[in-house]
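Next come the chains, spelled out residue by residue.
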Amino acid sequence: MNMILTTSSFIFPLITVPYVSRVLGPRGMGAVAWAQTFVSYFSLVAMLGISAYGIREVARARNNPKELSAVVQELMVILLISTTIVSIVFLICIFTVPKAHEDVGLMLIFGVNLWLSAFGVNWFYQGIEQYGYITIRSLVFKVLGLVLMFLFVRHATDYRIYAAITVLGSAGSNILNTIRLHKYVHFSFHRNLNLRRHFKPMMSFTISSISSGMYGQLDMLFLGFFGTSIQVGLYQLVVKIKNLAGNAVNSVGSVMLPRLSYYESQEGGHKKTAALIAKNINFLFITGIAFIGGIIICAQPLILILGGKEYIGATHALIIASAGILFSPMNTVLSQYMIAAGQEKMYAGINFLGLVLGTLYCVALIPLFGIEGAAIAYVGSELSTLIVRLIVLRHFIKELASMLDLGRSFLAFTIAFATGFTISRTVLNMNMFFQLIIGSISFGIPYLILLILLKESFAVSILNSLLNKHGHKTLNVK
């Protein structure tokens, strides 16, 4: 279900981005992207790490209705208090920070997202693994947003309307989440709430959530301060493309926390945890390097198709940023293991380190190299935190070593990339759609074939499941 949801998150922007990018232009898109990034920082603080902490606590209490109701009600009271305080600070900032004060109306539109995010309780539905509901309601609101965008976004001056539709499409369904909550949770004004029991365990989640969320968007934030609206407009297209690919790669890993938390709470469940993470890392590596190779080969036609000629200056930044498509999901899956295994303090420390390093990278690189510097800073912060996580989890990584099959994946990628890159150079003067098709096919098909021929474990397991369904003989991975 999460892969369907992620696929929709990939398909809908492929429809909307080419249209909106051309209507609003780099300046309008830049204004919207920076305002969205600025407000997201306040949302991170308001959530206090409950996006991750809530999933774990709900997963642990899912079989105890009384405890589940108490946990959810306590967390929602905490969110009410934190969001109120953050909203006040946000209003002060948009009237005192010069860059934010440039367009107060746009800031207030995205400010609505503070409350929609806080009371969307996605963490509850993820904790009880209700991914069918999450997927369906998200698709409905995406379609609604798509229709409204084509109806009302017609001119470059409609960027505020686009912002409002963006908020509705991405977070409007959160209203339904709260209304539907009474089916699973019993709220009571007479319940003795124990908010304090959450403060200590939440502290690590709060620090890590704010830190990871901030360092993941530092490139856009600092580009807004050091660069121009045009540069932000160019770079937001890079961010959209790498986020779409990254979400596709991370579609499986992002739903593992409830299951990992459940395994780690059971006696003898650690082996299941290791097997699940190893399988996911194999999947991440296969798909991650595939997207990186595809973007490097097809960067220019991708930019031209999604943005148009005005955005061609973003090509090099896109190629640089593509490396993060592998590093970021790897960070996510290792972070989820650390949360499930109770290593919240270390998890928070690594994320805070990422925030510090990301800030230093941005301050040093963006004034010198512009959008290319922003891309380097993004990749540098993701790679730095990944290296630290691998060092901290080195003993656990040794447990996974026998189940990982990264060597064969990389060999298949190297041969396929050389083939695709060579063939794609021969069609540079042709139509951009033709370039994209030739580049994708000349890299993608050899890559898939080589994964099977080299008997990469994850690819073979998928193929064997298909062969089993049709009664054919399966392949031996070894």
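Since this is a predicted model, take the numbers as computed values, not measurements.

Caption draft 1: Representation of the packing of aromatic side chains. Across all of its chains, the model carries 12 aromatic pairs by this definition. Measuring from centroid to centroid gives 5.8 Å for Phe 222 and Phe 226, while their planes differ by 25 degrees, and the two rings are stacked. Of this pair, Phe 222 and Phe 226 both sit in helix H11 (residues 218–226), four residues apart, which is roughly one turn of the helix. On the basis of an interplanar angle of 10 degrees and a centroid distance of 5.6 Å, the ring pair of Phe 443 and Tyr 447 is categorised as stacked. With Phe 443 and Tyr 447 both in helix H21 (residues 432–453) and four residues apart, the pair spans about one turn of that helix. Note on accessibility: Phe 443 and Tyr 447 belong to one class, buried. Aromatic ring contacts, followed pair by pair, group Phe 410, Phe 413, Phe 417, Phe 421, Phe 443 and Tyr 447 into a single cluster. Directly above the aromatic system of Trp 34 lies the positively charged group of Lys 99, at a separation of 5.4 Å from the ring centroid. In this structure, Arg 425 is placed above the aromatic ring of Phe 421, and the distance from its NZ or CZ to the ring centre is 4.5 Å.

Caption draft 2: Spotlight on the packing of helix H14 (residues 270–306) against helix H20 (residues 406–424). Between H14 and H20, the shortest axis-to-axis distance is 10 Å and the interhelical angle comes to 15 degrees. Taken together, H14 and H20 sit at an angle that is classed as roughly parallel. Of the two elements, H14 crosses H20, and the hand of that crossing is right-handed. Residues Ile 281, Asn 282, Phe 285, Ile 286, Ile 289, Gly 293, Ile 296 and Ile 297 of H14 form the contact with H20, whose participating residues are Leu 406, Ser 409, Phe 410, Phe 413, Phe 417, Gly 420, Phe 421 and Ser 424. Here the contact of H14 with H20 is composed, by residue class, of 11 nonpolar, five polar and no charged.

Caption draft 3: How the structure looks around the packing of helix H12 (residues 229–249) against helix H18 (residues 371–392). At a minimum axis separation of 10 Å, H12 and H18 run at an interaxial angle of 35 degrees. H12 and H18 meet at a crossing whose hand is right-handed. Residue-level inspection shows Gln 231, Leu 234, Tyr 235 and Lys 242 of H12 in contact with H18, the latter providing Ile 371, Ala 374, Ala 375 and Tyr 378.

Caption draft 4: Seen up close, the confidence of the model for the protein chain. Across the protein chain, the average pLDDT comes to 84, with 92% of residues at 70 or higher. Across the protein chain, helix H15 (residues 315–321) holds the top mean pLDDT of 95, while helix H13 (residues 257–264) sits lowest at 64.

Caption draft 5: Highlighting the environment of Ala 401. Tracing the backbone through its elements, the reader meets Ala 401 in the loop between helix H19 (394–400) and H20. Given the relative accessible area of 48%, Ala 401 is considered partly exposed. In this structure, the C-alpha to C-alpha distance between Ala 401 and Ile 376, residues 25 residues apart in sequence, is 30 Å.

Caption draft 6: Focus on the nonpolar core. Counting residues in hydrophobic clusters, the biggest one holds 138 residues, and the most contacted among them are Phe 38, Val 72, Met 107, Trp 123, Phe 124 and Tyr 235. Filtering out sequence-adjacent residues up to four positions away, Phe 124 remains in contact with Val 58, Leu 68, Val 72, Leu 181, Tyr 184 and Val 185.

Caption draft 7: How the structure looks around the state of the cysteines. Enumeration over the complete set of coordinates arrives at zero disulfides. Unpaired in terms of disulfides, Cys 362 finds its nearest cysteine sulfur in Cys 93, a separation of 19 Å.

Caption draft 8: Inspection of the pattern of salt bridges at higher detail. Scanning all chains against the criterion turns up four salt bridges. The salt bridge involving Glu 67 is made with Arg 197; its shortest N-O contact spans 2.9 Å. Taken together, the residues Glu 67 in helix H3 (residues 65–96) and Arg 197 in helix H10 (residues 196–215) connect sequence positions 130 residues apart. On the accessibility criterion, Arg 197 (32% relative accessible area) is partly exposed. When salt bridges with common partners are traced through the structure, they connect Glu 67, Glu 74 and Arg 197 into a single cluster.

Caption draft 9: Examining helix H5 (residues 104–118) more closely. In this model, H5 (15 residues) spans 22 Å end to end at C-alpha, consistent with the 21 Å of a helix rising 1.5 Å per residue. Among the residues making up H5, those that are buried are Val 104, Leu 106, Met 107, Phe 110, Gly 111, Asn 113, Leu 114, Leu 116 and Ala 118.

Caption draft 10: Representation of a nonpolar patch on the surface in the model. A contiguous nonpolar surface patch, about 440 Å² in accessible area, is contributed by Leu 80, Ile 81, Ile 85, Val 89 and Trp 115. Structurally, Ile 81 is set in helix H3.

Parameters at a glance
- Residues numbered from 1 in each chain as written.
- Predicted model: local features only at pLDDT ≥ 70, side-chain atom pairs only at ≥ 80, totals over all residues.
- Heavy atoms only, no water.
- Phe/Tyr/Trp six-rings, centres within 6.5 Å; stacked < 30°, edge-to-face > 60°.
- Helix = DSSP H or I, 4+ residues; strand = E, 2+ residues; numbered from the N terminus.
- Buried < 20%, exposed > 50% of the residue type's maximum accessible area, 1.4 Å probe, protein only.
- Lys NZ or Arg CZ within 6 Å of the ring centre and 35° of its normal.
- Axes fitted to C-alpha atoms, helices over the stretch in contact; angles between N-to-C directions.
- Parallel < 35°, antiparallel > 145°, perpendicular 65-115°, else oblique.
- Left-handed = near helix turned anticlockwise from the far one by under 90°.
- Contact = heavy atoms within 4.5 Å.
- Nonpolar A, V, L, I, M, F, W, Y, C, P; charged D, E, K, R; others polar.
- pLDDT = per-residue confidence, 0-100.
- Core = buried A, V, L, I, M, F, W, Y, C linked by side-chain atoms within 4.5 Å.
- Disulfide = S-S within 2.5 Å.
- Salt bridge = Lys/Arg side-chain N within 4 Å of Asp/Glu carboxyl O.
- Expected span 1.5 Å × (residues − 1).
- Patch = residues over 30% accessible without salt bridge, like charges linked within 9 Å, V, L, I, M, F, W, Y side chains within 5 Å.
- Areas by Shrake-Rupley, 256 points an atom, 1.4 Å probe, with all protein chains shown as cover.

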